[in-house]
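As a plain string of letters, each chain reads:
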Amino acid sequence: MNDIQNQDDLYLLVDEFYKKLLSDESISYIFTDVVKIKLEEHLPILVTFWSQAILGTGGYTNNLTQIHLDVNTREYLSPELFKIWLQHFYASVDENFKGEKAEQIKTQALSIATIMQIKIAQQKSQ
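Just so we're clear, the structure is a prediction, and the values are computed from it rather than from any experiment.

### Side note on the overall build of the protein
Looking only at helices and strands, one finds 6 helices and 0 strands in the protein. Along the protein, helices (α) and strands (β) appear in the sequence α-α-α-α-α-α when read from the amino end. The C-alpha radius of gyration of the protein comes to 14 Å, within 12% of the 14 Å expected for a compact globule of 126 residues. Principal axes of the C-alpha set define a box for the protein whose edges measure 45 × 30 × 25 Å. Out of the 126 residues belonging to the protein, those deemed buried represent 37%. Contacts spanning at least 24 positions in sequence make up 74% of the contacts within the protein whose residues lie at least 6 apart. About 7200 Å² of surface is accessible on the protein, with carbon and sulfur atoms providing 50% of the total. Looking at charge distribution, the protein has the averaged site of its 11 positive side-chain charges lying 5 Å from that of its 17 negative ones.

If you want it as structure tokens, here you go:
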């Protein structure tokens, strides 16, 4: 099994990840009912984000935290949802890749999930 090396690898990863999310009823409603993502538009944005984070390519200009805080105002993004998100993310990485970048992307995902939960808790307490 190869490590994550390029944007094609990241596209495969996020595509597999979203297949898992959308088939899991405990979290899929966030993407289908609350946000109503258009996958064909969303996946390239995610590839750009992860490519910047893992491969250093740049190009992601959205405010990741604000996007999630906005979603949270419509539907509470609970710690349980983040746990499910991470489980599917880790599984998608582990089923397709092995190596330094694969481990790095899992660590980055945990950091993002942790920061998002802290920001959501702060938002809730205001």
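### Quick look at the packing of helix 1 (residues 7-23) against helix 5 (residues 79-96)
Where helix 1 meets helix 5, the closest approach of the two axes is 9 Å, and the angle between their N-to-C directions is 135 degrees. On the basis of their axis angle, the class for helix 1 and helix 5 is oblique. The two elements helix 1 and helix 5 meet at a crossing, and its hand is right-handed. In this structure, helix 1 uses Leu-12, Leu-13, Glu-16, Phe-17, Lys-20 and Leu-21 to contact helix 5, whose residues at the interface are Trp-85, His-88, Phe-89, Ala-91, Ser-92, Val-93, Glu-95 and Asn-96.

### Some remarks on the environment of Ser-125
Assignment of secondary structure puts Ser-125 in helix 6 (residues 100-125). A C-alpha to C-alpha distance of 33 Å links Ser-125 and Glu-103, two positions 22 residues apart in sequence. A polar side-chain atom of Ser-125 sits 2.9 Å from the main-chain carbonyl oxygen of Gln-122.

### Digging into the side chain of Ser-92
With respect to the secondary-structure elements, Ser-92 resides in helix 5. Given a relative accessible area of 0%, Ser-92 falls into the buried group. Polar side-chain contacts of Ser-92 include one of 3.4 Å to the backbone nitrogen of Phe-17.

### Thoughts on the packing of aromatic side chains
For the structure on display, the rule yields 8 aromatic pairs. Look at Phe-17 and Trp-85: their rings are 5.5 Å apart centre to centre, the planes differ by 85 degrees, and that puts the pair in the edge-to-face class. Of the two residues, Phe-17 sits in helix 1 while Trp-85 sits in helix 5, which places them 68 residues apart along the sequence. Like Trp-85, Phe-17 is buried. Ring geometry for Phe-17 versus Phe-89: centroids 5.1 Å apart, planes at 85 degrees, classification edge-to-face. Residue Phe-17 is found in helix 1, and its partner Phe-89 is found in helix 5; the two are separated by 72 residues along the sequence. Taking the relative accessible area as the measure of exposure, Phe-89 reaches 1% and is therefore buried.

What counts, and where the lines are drawn
- Residues numbered from 1 in each chain as written.
- Predicted model: local features only at pLDDT ≥ 70, side-chain atom pairs only at ≥ 80, totals over all residues.
- Heavy atoms only, no water.
- Helix = DSSP H or I, 4+ residues; strand = E, 2+ residues; numbered from the N terminus.
- Rg over C-alpha atoms; globule rule 2.2 N^0.38 Å.
- Buried < 20%, exposed > 50% of the residue type's maximum accessible area, 1.4 Å probe, protein only.
- Contact = heavy atoms within 4.5 Å.
- Areas by Shrake-Rupley, 256 points an atom, 1.4 Å probe, with all protein chains shown as cover.
- Lys, Arg positive; Asp, Glu negative; His and termini not counted.
- Charge placed at Lys NZ, Arg CZ, Asp CG, Glu CD.
- Axes fitted to C-alpha atoms, helices over the stretch in contact; angles between N-to-C directions.
- Parallel < 35°, antiparallel > 145°, perpendicular 65-115°, else oblique.
- Left-handed = near helix turned anticlockwise from the far one by under 90°.
- Polar contact = N/O pair within 3.5 Å; in protein donor to acceptor, adjacent residues only side chain to side chain.
- Phe/Tyr/Trp six-rings, centres within 6.5 Å; stacked < 30°, edge-to-face > 60°.

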